[in-house]
Amino acid sequence: MPRAWPGPYGQRAGVDRTDPPCILRPENGPVGPDRRAPPGLRLRGRARVGAQTLFGPLDLAVAPGRWTCLLGPSGVGKSTFLHLLAGIADGISFAGDLGAADGAPLAGRVALMAQADMLLPWLTARDNLLIGARLRGETPDTRAAEAMLERVGLSGMAARKPRALSGGQRQRVALARTLIEDRPVVLLDEPFSALDIATRVRMQDLAAALLRGRTILHVTHDPAEAARLGDHILLLTHRGLTELAPPRAPAPRPPDAPETLEATGALTRHLLACECQPAAAPSAEGLT
Amino acid sequence: MPRAWPGPYGQRAGVDRTDPPCILRPENGPVGPDRRAPPGLRLRGRARVGAQTLFGPLDLAVAPGRWTCLLGPSGVGKSTFLHLLAGIADGISFAGDLGAADGAPLAGRVALMAQADMLLPWLTARDNLLIGARLRGETPDTRAAEAMLERVGLSGMAARKPRALSGGQRQRVALARTLIEDRPVVLLDEPFSALDIATRVRMQDLAAALLRGRTILHVTHDPAEAARLGDHILLLTHRGLTELAPPRAPAPRPPDAPETLEATGALTRHLLACECQPAAAPSAEGLT
Amino acid sequence: QDEMTVALDWFVNPDHGPIILAEELGYFEDAGLDVEIVAPADPADPPKMAAAGRADLAVSYQPQLHLQVAEGVPLQRVGTLIASPLNCLLVRDDGPVADLSDLEGRKIGFSIAGVEEAMLAAMLRGADLTLDDVELVNVNFALSPALMAGQVDAVIGAFRNFELNQMKIEGVAGRCFYPEEHGVPIYDELIYVANPELMDPDRVARFLAATEKARHYMLNHPDKAWEVFAGYAGELDDDLNRAAWADTLPRFALRPAALDRGRYVRFEAFLEGAGLVTGTRPVSGLAIEIDPALSAPQEGAGE
Amino acid sequence: MKALRPALPLLLGLVLWQGAVWLWQVPSFILPGPVRVAAALVDNAGLIAGHAAVTGLEVALGLGLGAVLGWLSAVALALSPAARGAIGPILVFTQAVPVFALAPILTLWFGYGLGSKVAMALLIIYFPVTSSFLDALLQTPAPWLAQARVMGGGGWRQMWYLRIPAALPGFLSGLKLAAVYAPIGAVIGEWVGASRGLGYLMLLANGRAKTDLMFAALVVLAVLAIALHRAVDHLAAAALRRRFG
Amino acid sequence: MKALRPALPLLLGLVLWQGAVWLWQVPSFILPGPVRVAAALVDNAGLIAGHAAVTGLEVALGLGLGAVLGWLSAVALALSPAARGAIGPILVFTQAVPVFALAPILTLWFGYGLGSKVAMALLIIYFPVTSSFLDALLQTPAPWLAQARVMGGGGWRQMWYLRIPAALPGFLSGLKLAAVYAPIGAVIGEWVGASRGLGYLMLLANGRAKTDLMFAALVVLAVLAIALHRAVDHLAAAALRRRFG
Ligand SMILES: Nc1ncnc2c1ncn2[C@@H]1O[C@H](COP(=O)(O)OP(=O)(O)OP(=O)(O)O)[C@@H](O)[C@H]1O
Ligand SMILES: Nc1ncnc2c1ncn2[C@@H]1O[C@H](COP(=O)(O)OP(=O)(O)OP(=O)(O)O)[C@@H](O)[C@H]1O
Ligand SMILES: [Mg+2]
Ligand SMILES: [Mg+2]
């Protein structure tokens, strides 16, 4: 994917810049931006609700085909970021640039796993997975849905409605629904927050395997998670956006590898130290 | 509170058995169970939904006036536990013993922070905090509500409706609502799951300070959290209930104290190692 | 002033000429009466209200009175407003029905009131037809429109002073077959009814006297009378009412209090023959003649 | 006690009825007591049953068609704001027109057969379904719509897979209302020119001063209405229960 | 184009009307064309305005009272399952009774004055509010109720602080329906011994086959109905918007 990526990543050491294995690219892509190839993402500008500024002028760049983790204090605007990129930030007025780095519209290329599970209460787990295909008029693949449910550890629960599932089970159904969408850009908003450690590690591995080579923006509060999965780690605070160094090993990293643990520790210290109360005036520069 | 507590805790070393500072006990308590003194909790039996067993015969005992953390894989029945104790497990049929160890009914002595935030969308954050008082016909204390919102880091958001709050902010409103309820028994279902680490630590400290001396049952997936807060740590798996050793230092422990980190590591290893897939037949003995 | 509530049979229209004029000309006042005129939408309502004592007097129809008394409703005719039948079997002048015998196999519209079927049966009998030879359709409120639109070939229950004029205004000529010319006994179309137990004969007598005076005013000053009537309410002054007024004028009873017993005997027998009432009641159970002399000396303010 | 429960409203109704008759001394030619009406009901059982069957058929037809048409209209209106703006007021208008204004037009078009009666009943039954369902269709929770937008579903598929199921409670609420209006819809339909049905029988009895027969027919109509309402209520509850299985 | 939008339904209505008159050759004594009705409207402007004022007042009164009574009844019924079982069917029954059966009873009790008219109108307007609101009150999401139970709130406080606000959309939905039924409610109320109001004028004009006057009054009634519906719609939307501020 030899495309100029406008971002600071190339200059940084320790970032793997080899092209991602582009499993999604069709054999003979059309000229112009390839709709199946994962594009980079860019968001530059400021967001407001009414008269209130949600975040000041920021410049977020997400590398194409890489896994980017976004950390930051509660309420700083991480979910809003994802909503803006997914084109569903109703009621937010955004002034600036926003979209895929390849210039083509993002619509139709994004899957979003929102912070709330957003399962439809009248559908079984299986049908909740198939709703995307149904909405697009594709033939729903029941077998694939059941296989995906099994991969997230919910075999045998395909026929259950969301009400009969535990919080973590519902989150896994939502994850499965996002994974089965098969989109080049995937936005994940705290996708593993309701899972126990063991399940969380399994789900991280699953997501890493299935989403390999796509452009991922992953909001998380878990430093260990960022240390495991992030090709890039961004920290959003009320003062602006900072890039933090991920471990050198390629993601996903083993949860108990010393490098991972060390990076987790470093991130944790950073997060605990960072200024988390809203700053009076947001810093003008986005990336430090 | 010299009352015989029927449980295995007395025999275990390393558990602080001094009476909790009973901040809630009135000067001259009535004879019989004191409705303001935190009672122990007991749940012994099995739960079913329809024909399906949710958990086999279990014996859960929660020490009075202590902080008990409950860990366990997703879907094992932790939330169901809390719902049963709170008396709101609709649709679950429970066969066995359940309630306060002092024999008096639990109703009116419990506050529950459920896994979903359960905020009423038409009420401001402030009014969501006051809904309990209003429902009970007490005079709602607006000042106290605003102070509590400030303590959870949401000063200035008292007049916002839930829709205008981020996920973590909503969770903190729900936490504040639980804390302001001022009940001797508090059930917390993953209360800090949507918070970044720094906020999480602050909220843990706040909860620990405000809930000191009450009977707490706290479901969490975060081993560090259990290591910080738990006077007792229970692990529920499909095989049954196990008690794990908390650090010796009195809770809340500093998040970066070596003992806390060590306990976190031990818990993590335990959780990663434990058998997390549903067992064919649940073990008959509850406590090992 | 004695208060009195009078329920008309329907909204105010030229049929109520003497009542409206008595009110407008102050004859009620002169008779010491404060009359409240109530105009309901449903003609079945006023007799019930009179029987229940909600109204002191109601305007109703003689055929209905027979049915109501037979059902035990405590009512009696105490006066007459229009002393001739108004009901008629109406057809289009340019229609296929030239003679009653032409009705065979045709649709006849009616508006449910109670006695229309019996009248129709009597009229058909003269043409050697029965009700089975025609198709009856309830057209409810739309008698003349149904006829003009050709949905039915005839309607029974039309009033000769109204529906005929309506059709003329719409440019469709109509023709009436008069029941009294085809085997139906002559009856009083509009009468005053009251509950004999509850009524105050003195007031009724004064009421009837006032309307009698108004009736004679109409007789003497037909044009002025129309103006007075049309001034009663804004919606009354139109072509139809003007035409109806002229047609109705000769039909108002000149002696409202006077009772023709024979009419009640004959109509009761007619209804029994039609099977609408069982047995016959004596005239004294149906109608009385108020004799002012009987009640005048007693204290009029009553209850 | 438990077995008595379904009979409770009946009992209460009878008590209220008899009580009203006694207390206000309502004369029997306005409101006959239960006993008299029961007698009339027994005496005219065959007659009433025949007419009730007609009305029952009209109610069933009207409700069925009304539910289907109401469903369709609500969906169509929900899909197109332009249609909503243009047709909505016309629908409102049809509900404000008194029957006697519409009746001649309907009979002119549909004749005096079942057609005009069903049309009249439909006009009454169909509106609550449309209104309630449309209301619910326009209130699909925004986050679901947003999620569907990300997934790339729009237009009628979003309608079919998301908005319609989400609006089920609104549809059922409207259906319950429609079930209440169905009997009066049929009766008013009969008003428009009928020679059969409970509405016709009541008009006839009213014209003939046979109040007890009128109320006997009314009692049958009431039983029909209440049974229908209860049936639709149970169906609706079952549908709601099923959906969250 | 934008400025034309509110006039669109009006235009469409006129086109449909004139089209029907032409297409089916509807005779003018059944459905006069718009031009004739406009002429009648102008000729009788003063007369119609006077009657419209009366009906307008009745509609406002009926809707106001209906909303209040409907609200109260729904809450009372939601609080007591026993009341629901016993009174619910009676309410259903009142909606199935034809006006000619009820009118004499109401006049007997309330006399010929405003009372019986308002009672009749209320009976029609109040029901949709009650039904929709009750439906919503009985569907408070179970988790909220559970949370309230833990907090120790029951009975009327739970009703007031939780179930009533949660059911607001249902109430508004019912109110919108009631707004649609309010004009016909008032018109039917005028059936009961009135000599004023648009309903009276229409009945009178109808009885005398003055079809153009009847339709002129009907047009005014339609405008009233549509304006009312639109107003209540906007109010409801504003209320819903405000609540999630
Ligand atoms: N209505 C129901 N029918 C069948 N199974 C149910 C029903 N409700 C809950 N369950 C099952 O009960 C089990 C326990 O659920 P519970 O919510 O208590 O889990 P949990 O331990 O809190 O999990 P989590 O950590 O994911 O929140 C789950 O496996 C769930 O699937
Ligand atoms: N409608 C609104 N009006 C005012 N402020 C709003 C509105 N919606 C969101 N906000 C504010 O925008 C900020 C960003 O919200 P967002 O959900 O993006 O936070 P977040 O970073 O995802 O937080 P969390 O980690 O808690 O989920 C929050 O402070 C929130 O209070
Ligand atoms: Mg968020
Ligand atoms: Mg749970």
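Residues numbered from 1 in each chain as written. Chains lettered and ligands numbered in written order. Predicted model: local features only at pLDDT ≥ 70, side-chain atom pairs only at ≥ 80, totals over all residues. Heavy atoms only, no water.

We count it as follows: UniProt positions are given in the numbering used here, feature names are shortened, and annotations may be inferred rather than shown by experiment.
The name that an unreviewed UniProt entry assigns to chain A is ABC transporter ATP-binding protein, with the source organism given as Mesobaculum littorinae. Looking at chain A in UniProt, the text filed under Sequence similarities (unreviewed entry) is "Belongs to the ABC transporter superfamily."

## Regarding the coordination of the magnesium ion (ligand 3)
Residue and element names in this part refer to chain A. This is how it is decided: Donor atoms (N, O, S) are those found within 2.8 Å of the metal centre, with the cutoff raised to 3.2 Å for Na, K and Ca; water is not part of the atom list, so apparent gaps in a site can occur. Put simply, DSSP marks the helices as runs of H or I at least four residues long and the strands as runs of E at least two long, and each gets a number from the N terminus on. Think of it in three bands: with a 1.4 Å probe and only protein chains considered, a residue is buried below 20% of the maximum accessible area for its type, exposed above 50%, and partly exposed in between.
Every protein donor of the magnesium ion (ligand 3) is accounted for by Ser79 (OG) and Gln115 (OE1), and the metal-donor separations fall at 1.9 to 2.2 Å. Taken as a pair, serine 79 in helix α1 (residues 78–86) and glutamine 115 in the loop between β5 (110–113) and α2 (125–136) lie far apart in primary sequence, 36 residues in all. You can call serine 79 buried: its relative accessible area is 18%.

## Looking at a nonpolar patch on the surface
Condition: Patch membership needs two things, relative accessible area over 30% and no salt bridge, and members are linked within 9 Å if like-charged or within 5 Å if nonpolar (Val, Leu, Ile, Met, Phe, Trp, Tyr). Per-residue and other accessible areas follow the Shrake-Rupley method at a 1.4 Å probe size, with only the shown protein chains counted as cover for residues. For this document, the term salt bridge refers to a Lys or Arg side-chain nitrogen within 4 Å of an Asp or Glu carboxyl oxygen.
Residues Leu23(D), Trp24(D), Trp109(E) and Phe110(E) make up a contiguous nonpolar surface patch of roughly 470 Å² in combined accessible area. Note on placement: Phe110(E) falls in helix α5 (residues 99–110).

## Describing the pattern of salt bridges
All names here are of chain A. A complete count under the given rule lists 47 salt bridges over all chains for this structure. Between aspartate 59 and arginine 44 there is a salt bridge, with its nearest N and O atoms 3.0 Å apart. Placement of aspartate 59 in strand β2 (residues 52–62) and of arginine 44 in strand β1 (residues 41–49) is noted, with a sequence separation of 15 residues between them. For arginine 44, a relative accessible area of 42% gives the class partly exposed.

## Considerations on the packing of aromatic side chains
Formally: Side-chain rings of Phe, Tyr and Trp (the six-membered ring for Trp) are treated as a pair once their centres are within 6.5 Å; stacked means planes under 30 degrees apart, edge-to-face means over 60, and tilted covers the remaining angles. A ring has a charge above it when a Lys NZ or an Arg CZ is no more than 6 Å from the ring centre and no more than 35 degrees off the ring normal.
Scanning all chains against the criterion turns up 23 aromatic pairs over all chains. The interplanar angle of 75° and the centroid separation of 6.3 Å between the aromatic rings of Phe127(D) and Tyr181(E) together place this pair among those described as edge-to-face. Of this pair, Phe127(D) sits in helix α6 (residues 114–137) while Tyr181(E) sits in helix α9 (residues 168–191), each in a different chain. By relative accessible area, Tyr181(E) is classed as buried at 7%. Over the ring of Tyr27(C) we find Lys213(C), and its NZ or CZ is 4.4 Å from the ring centre.

## Re the sheet that holds strand β6 (residues 107–110) of chain C
All names here are of chain C. Defined as follows: Criterion used throughout: strands pair if DSSP finds at least two bridges between them. Axis definition: a line fitted to C-alpha atoms, over the contacting stretch in the case of helices. Angles run 0 to 180 degrees between N-to-C directions.
Pairing is mixed across the open sheet formed by 5 strands, whose spatial order is β7-β6-β8-β5-β9. Across the chains shown, the open sheet's two edge strands, defined by having one partner strand only, are β7 (135–138) and β9 (174–177). On average, adjacent strands in this sheet sit at an angle of 35° to one another, irrespective of strand direction. As judged from the 4 bridges shared by β6 and β7, these two strands associate in the parallel manner. In the sheet register, isoleucine 108 faces β7, and the bridge partner there is leucine 136.

## As for the site of ligand 1
Rule in force here: Put simply, a residue is near a molecule or strand once any heavy atom of it comes within 4 Å of that molecule or strand. N or O atoms closer than or at 3.5 Å make up a polar contact, with two conditions inside protein: a donor-capable atom paired with an acceptor-capable one, and, for residues adjacent in sequence, both atoms drawn from side chains. Residue polarity is assigned by list, with Asp, Glu, Lys and Arg as charged and Ala, Val, Leu, Ile, Met, Phe, Trp, Tyr, Cys and Pro as nonpolar; anything else, Gly included, falls into the polar class.
Taken together, 20 residues sit near ligand 1, with Arg160(A), Ser166(A), Gly168(A), Ser79(B) and Thr80(B) positioned nearest. Arg160(A) is positioned such that a nitrogen or oxygen atom in its side chain is 2.6 Å from an oxygen atom of ligand 1. Contacts to ligand 1 include Lys78(B), whose backbone N or O atom sits 2.7 Å from an oxygen atom. If you list the elements that add at least two residues to the shell around ligand 1, you get α4 (167–180) of chain A together with β2 (52–62) and α1 (78–86) of chain B. Each residue belonging to the shell around ligand 1 can be placed in one class, and the counts come to 5 nonpolar, 12 polar and 3 charged.

## So, the coordination of the magnesium ion (ligand 4)
As a benchmark, a tetrahedral metal site with four donors has ideal angles of 109.5 degrees, while an octahedral site with six donors has ideal angles of 90 or 180 degrees. Only Ser79(B) (OG) and Gln115(B) (OE1) from the protein coordinate the magnesium ion (ligand 4), and they sit 1.9 to 2.2 Å from it. Residue classification places Gln115(B) among the partly exposed residues on the basis of a relative accessible area of 24%.

## Overview of the state of the cysteines
All names here are of chain C. Rules: Cysteine sulfur pairs qualify as disulfides if the two atoms are within 2.5 Å.
This structure, assessed with the given rule, holds 1 disulfide over all chains. In this model, cysteine 88 is linked to cysteine 176 through a disulfide, with the two sulfur atoms separated by 2.1 Å. With cysteine 88 in strand β5 (residues 87–92) and cysteine 176 in strand β9, this residue pair connects regions lying 88 residues apart in the sequence. Here cysteine 88 and cysteine 176 have matching classes, each one buried.

## Considering helix α4 (residues 167–180) of chain B
The test is simple: For a helix, the expected span equals 1.5 Å multiplied by the number of residues minus one. Every residue pair with non-hydrogen atoms within 4.5 Å of one another is taken to be in contact.
For α4(B), built from 14 residues, the straight-helix expectation of 20 Å at 1.5 Å per residue is met to within 8% by its first-to-last C-alpha distance of 20 Å. Burial of α4(B) is extensive: 12 of the 14 residues sit out of reach of the surface. All of the buried residues in α4(B) are Gly167(B), Gly168(B), Gln169(B), Gln171(B), Arg172(B), Val173(B), Ala174(B), Leu175(B), Ala176(B), Arg177(B), Thr178(B) and Leu179(B). Turning to α4(B), the residues buried within the fold contact β5 (110–113), α2 (125–136), α3 (142–151), β6 (185–189) and α5 (197–211) of chain B together with α7 (142–151) of chain E. The first or second residue beyond α4(B) is Asp182(B), which carries a positive phi of 60°.

## Let's talk about the site of ligand 2
Around ligand 2 sit 20 residues, and of these Ser79(A), Thr80(A), Arg160(B), Ser166(B) and Gly168(B) come closest. One chain alone does not account for the residues near ligand 2; they come from chains A and B. Note that an oxygen atom of ligand 2 is positioned 2.9 Å from one of the side-chain N or O atoms of Gln115(A). Residue Glu190(A) places a side-chain N or O atom 3.5 Å away from an oxygen atom belonging to ligand 2. In the shell around ligand 2, the residues fall into 5 nonpolar, 12 polar and 3 charged.

## A few points about the pairing of strand β1 (residues 2–7) of chain C
Residues and elements named next belong to chain C. In terms of residue burial, β1 counts as a mostly covered element, since 5 of its 6 residues are buried. The sheet contact formed by β1 and strand β2 (residues 33–38) spans 6 bridges and is parallel. Bridged to aspartate 2 within β2 is leucine 33. Pairing geometry for β1 and strand β3 (residues 57–61), over 2 bridges, is parallel. Paired with alanine 7 across the two strands is alanine 58, which belongs to β3.

## Some details on the pairing of β2(A)
All names here are of chain A. In terms of strand pairing, β1 meets β2 through 8 bridges, oriented antiparallel. Paired with glycine 45 across the strands is leucine 58, a residue of β2. The hairpin formed by β1 and β2 contains 2 residues between the paired strands, and glycine 50 there has a positive phi angle of roughly 60°.

## Considerations on the interface of chain D and chain E
For the record, the criterion: Simply put, the buried area is the total loss of 1.4 Å probe accessible area from both parts when two parts are fitted together.
Listed as interface residues are 59 residues of chain D and, on the opposing side, 59 residues of chain E. For the pair chain D and chain E, the summed buried area comes to about 4,900 Å², and 77% of that belongs to carbon and sulfur atoms. The largest contributions to the chain D side of the interface with chain E come from Val92(D), Phe100(D) and Trp109(D), which together make up 12% of the buried area. Between the two partners, chain D and chain E, sit 2 salt bridges. Between Lys176(E) and Asp135(D) there is a salt bridge, and its shortest N-O distance comes to 2.5 Å. Remark: the boundary between chain D and chain E carries 4 residue pairs in polar contact (both at pLDDT 80 or more). Mapped by element, the contributors of at least two residues to the side of chain D that touches chain E are α1 (8–23), α4 (81–96), α5 (99–110), α6, α9 (168–191), α10 (198–207) and α11 (211–243) of chain D. Grouping the amino acids of the side of chain D that touches chain E by side-chain chemistry returns 46 nonpolar, 10 polar and 3 charged.

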